[in-house]
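Tertiary structure, described
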Amino acid sequence: MIAFDTLGLKNRRGIALAAVPEEPVERFRTTVIEAVAAEWRIVSLFGMPERSETRLVAVLAADRRGLLGATSTVVGERYPALTMECPEAHLFEREIAEQCGVTPGGHPSLKPVRRHPGDHLPPGRASPAIEREAYPFFRIEGEDVHEVAVGPVHAGIIEPGHFRFQAHGERVLQLEIVLGYQHRGVERLLETADPARAMLVAESVAGDTVIGHASAYCGAIEALARSRKTPRAQAIRGIALELERLANHIGDLGAIAGDVAYQPAAAFFGRMRGECLNLLMTLSGNRYGRGLVRPGGVAFDLTPEMAAELRDRLTDLEHELAPVARLMFESASVQARLEGVGTVSPDTCRDLGLVGPVARACEVPRDVRHDHPYGIFRFAHIPVATAWAGDVLARALVRWLEIQRSIAFVIEQVTAIPKGEPRVAVGALRPGELAVAMEEGWRGEIVHVVVTDDAGGIRRHKVTDPSFHNWSALAAAMPGNQISDFPLCNKSFNLSYAGHDL
Amino acid sequence: MSVLRGDALGFLDFVRTRLQQGTRTSPFPHGGAEFPARFRGRPVRDDAKCPGSCRDCAARAPAAVLQVGADGMVRVDVGASLFSPEEAAACPAGAVMFTTDHRMASTKREGLVSPTGEVDLARALERTSRRLFARSLRLRSVSAGSCNGCESELVALGNVVFDMARFGIQFVASPRHADGIVITGAVSANMCLALEKTWRATPEPRLVIAVGACAINGGPFRGSPEVGNGVPPNIPVDLWVPGCPPHPLTVLDGLLRLLGRIEGGER
């Protein structure tokens with residue numbers, strides 16, 4: 001018997017699919033549950049059709065040791081769910097039920113995730129009828145309890161989603177989040193479209209995380225093709241990833257300021273977010289970095305003039321940001337609105353498998369750049385930023401710390417960019433392999449798992465956006481808070497609807 | 001400077017920061033539309049460079065931007081462009097390229113299609129509508145099967161740089177308060193009903209503005225069974241704004257042309 005943790009699986013390293021253990025379902029459950037109870041966490045759990053059945057694959061990570069492991073099982077139409085013993089599997093199992101038509105028996109809340117017909121069913125199996133407009137909402141009954149429904153069309157310029165509150169006066173008792181409105185069938189497109197088009201789909205998983213998803217997509221493809229990027233390409237990808245983080249984190253601080261009606265910081269941060277997008281545009285021709293990250297490296301080189309411009313403009317930006325951050329974080333009226341609101345505890349964080357700044361704000365130091373380093377991050381280390389309170393203020397502070405560290409990183413990189421080609425040719429994908437590419441996007445851990453078929457085509461492409469884990473955190477953070485604090489809470493997480501809905 | 005260091009924040013700190021930040025609003029439409037050399041704006045096609053023999057550029061491009069008609073003519077559909085470097089590379093002879101021209105919104109879908117990439121730029125509304133909307137336009141955003149790229153640029157239109165409100169254009173919280181809706185996304189099956197209801201809830205006369213490649217023809221998601229290929233035919237569109245996502249100035253240029261506030265070849 002092969003152990004799940006000695007496969008040689010690492011971030012961006014392909015292994016033979018045949019090397020992944022295939023365990024009877026009870027053993028598979030025990031392996032995953034015991035691993036998660038020890039030091040492992042579920043990075044991905046998905047199904048793919050295999051003959052007339054479904055193979056479930058679990059990818060696990062031991063962050064402190066930088067290890068990845070994988071195991072699998074083949075199931076028919078039903079298997080005993082993991083969720084009761086391993087809560088972080090809850091949404092993955094709902095997803096498997098919806099995509100593959102396999103029922104995780106005993107799942108405590110087996111509701112649709114995105115409301116679509118099964119798109120990874122074994123051949124010949126028909127998808128159960130789906131109801132796009134009906135949803136089995138949780139409901140609290142009682143004389144003083146009332147219900148508030150918001151969405152899918154919201155008041156601002158926001159993606160669609162539905163929020164259903166059970167409230168007692170102003171106090172939220174329970175929040176249920178229903179998503180799927182942005183479901184576009186991304187995974188099927190990634191599996192079936194030709195590579196040039198699939199690259200553009202990968203850039204459109206979440207339009208504010210173009211670099212993050214494109215890099216994870218390319219990381220998986222490059223691992224399967226055994227392609228090695230030049231250090232120069234790795235540095236440019238790292239610079240672009242941190243510019244994306246800067247733009248979004250700065251924008252988020254502005255949006256949080258806006259939601260507590262602190263207009264100066266909202267206006268200043270809003271403008272400075274745009275400066276970072278414009279730097280990405282200088283490099284890639286697009287404000288969100290579309291067209292830059294391509295298999296084998298980057299499509300656009302960083303010229304010496306651009307490097308100098310990046311350095312100068314980020315140095316200026318550093319000096320412009322600090323006084324605004326001071327205005328915001330040191331204003332008593334702002335502090336009073338951010339402190340103690342929307343708290344997530346470290347236990348909730350571990351139970352739900354949360355990632356990114358949301359996890360780091362409750363002192364759970366998960367960061368792919370640090371735990372599973374890849375590309376430039378193997379050579380240049382960015383310290384992991386954490387806070388402990390787990391509230392809106394902590395999430396804002398983590399962003400501010402990361403802004404400062406990303407600026408320092410980019411300035412350091414552009415002054416010492418390695419020589420070499422920006423892009424190398426990528427050959428054919430190895431047949432019958434599995435590769436896991438993890439990327440620390442600005443929202444947290446992005447995971448692309450790609451499995452090739454016997455001809456080297458794409459058999460399964462599983463995408464997990466950090467929002468997939470973290471939407472549960474927003475629902476967990478709201479009870480006990482006031483309904484009027486919901487927009488602020490929501491903004492402090494700023495999760496992707498498109499990234500979740502795929 | 002350390003944050004949360006505890007010394008009192010004074011009024012002068014605010015004034016100093018305000019002065020340091022300066023005034024950043026773009027002079028647009030009187031200048032301000034400058035883009036870096038690599039910016040991928042309106043695609044163009046030079047027929048003289050087209051070898052005329054291969055005709056497989058359409059198949060090679062990762063988007064439906066190039067089309068070979070029954071007449072054998074190659075046409076550029078700016079509305080279908082995803083503005084990726086691969087679309088220009090689809091012509092090995094270099095006949096297709098991206099310019100830095102940000103202006104490409106049209107009042108007609110056909111206005112986005114031509115052999116050269118020329119766009120029939122948006123025409124002003126007829127007189128009655130113009131009198132109603134030219135000085136005050138309230139819009140409702142409906143995001144329906146998008147990636148949040150276009151929405152991010154619509155949000156950016158409200159920042160101090162683009163400051164769309166100075167033209168009397170604003171996004172409002174309800175379709176009941178709106179003069180029109182802005183649709184982004186390929187219109188997913190799960191948003192079809194909500195989009196139709198929002199459109200019907202907007203009082204007439206109402207405008208419909210389709211922003212981005214997805215809303216125009218499905219964008220990168222075109223052909224997926226989970227999306228329609230953009231705004232459904234029962235919702236008539238008054239302004240088509242290409243882009244993936246469109247630059248905020250592309251959207252603003254389109255809106256100001258529709259309202260008759262930019263005309264002809266003005267930039």
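This text gives an overview of the structure that appears in the document. Position numbers for residues count from 1 along each chain, tracking the sequence in the order it is written. Naming scheme: in the order in which they are written, chains are lettered from A and ligands are numbered from 1. The model is predicted, so local features are restricted to residues of pLDDT at least 70 and side-chain atom pairs to those at 80 or more, both for listing and for counting; the totals for chains, interfaces and linings are taken over all residues.

The next point concerns the overall build of chain B. Secondary structure elements follow DSSP: runs of H or I no shorter than four residues count as helices, runs of E no shorter than two count as strands, and numbering proceeds from the N terminus. Each helix and strand in chain B was counted, giving eight helices and 10 strands. For 267 residues, the compact-globule estimate of 2.2 N^0.38 gives 18 Å, and chain B sits close to it at 21 Å. On the principal axes, the C-alpha backbone points of chain B span a range of 75 × 45 × 40 Å. Residues classed as buried in chain B amount to 50% of the 267 residues present. Restricting to contacts in chain B with at least 6 residues of sequence separation, those with at least 24 account for 75%. Radius of gyration here is computed from C-alpha atoms only, and the compact-globule reference equals 2.2 Å multiplied by the residue count raised to the power 0.38. Exposed residues have 12 or fewer other C-beta atoms within 10 Å of their own C-beta, buried residues have 20 or more, and residues in between are partly exposed; the C-beta atoms are placed from the backbone. The contact rule is simple: place each C-beta atom from the backbone, and if two of them lie within 7 Å, those residues are in contact.

Facing the 58 residues of chain A at the interface are 58 residues of chain B. Residue assignment for the side of chain A that touches chain B shows that the elements contributing at least two residues are α3 (186-192), α4 (195-203), α7 (263-284) and α8 (304-330) of chain A. Of the residues assigned to the side of chain A that touches chain B, the class counts are 28 nonpolar, 16 polar and 14 charged. Ten residues, namely Ala, Val, Leu, Ile, Met, Phe, Trp, Tyr, Cys and Pro, are considered nonpolar, four, namely Asp, Glu, Lys and Arg, are considered charged, and the remaining ones, Gly among them, are considered polar.

What follows concerns the sheet that holds strand β3 (residues 53-62) of chain A. All names here are of chain A. Pairing between strands is defined by DSSP: at least two bridges between them are needed. Ordered by their spatial adjacency, three strands build an open sheet running β2-β3-β4, and the pairing between neighbours is antiparallel. Each edge of the open sheet is held by one strand with a lone partner, namely β2 (41-50) and β4 (67-75). Averaged over all pairs of adjacent strands, the angle between their axes in this sheet comes to 20 degrees, without regard to strand direction. As defined by bridge partners, β2 adjoins β3 across nine bridges and the pair is classed as antiparallel. Helix axes are fitted to C-alpha atoms over the stretch in contact, other axes to C-alpha atoms as well, and angles between N-to-C directions run from 0 to 180 degrees.

The next point concerns the pairing of strand β8 (residues 180-184) of chain B. The two faces of the sheet receive side chains in turn, since in a regular strand these alternate between them. Residues and elements named next belong to chain B. For β8, a buried count of five out of five residues is recorded, marking the element as mostly surrounded by other parts of the structure. Burial of β8 is two-sided: the residues Gly-180, Val-182 and Thr-184 facing one way and the residues Ile-181 and Ile-183 facing the other way are all buried. One ladder, built from five bridges, connects strand β6 (residues 137-143) with β8; its direction is parallel. Bridge pairing in β8 links Val-142 to Ile-183. Both β8 and strand β9 (residues 207-211) contribute to a ladder of five bridges, which runs parallel. Considered in β9, the bridge of Val-182 is made with Ile-209.

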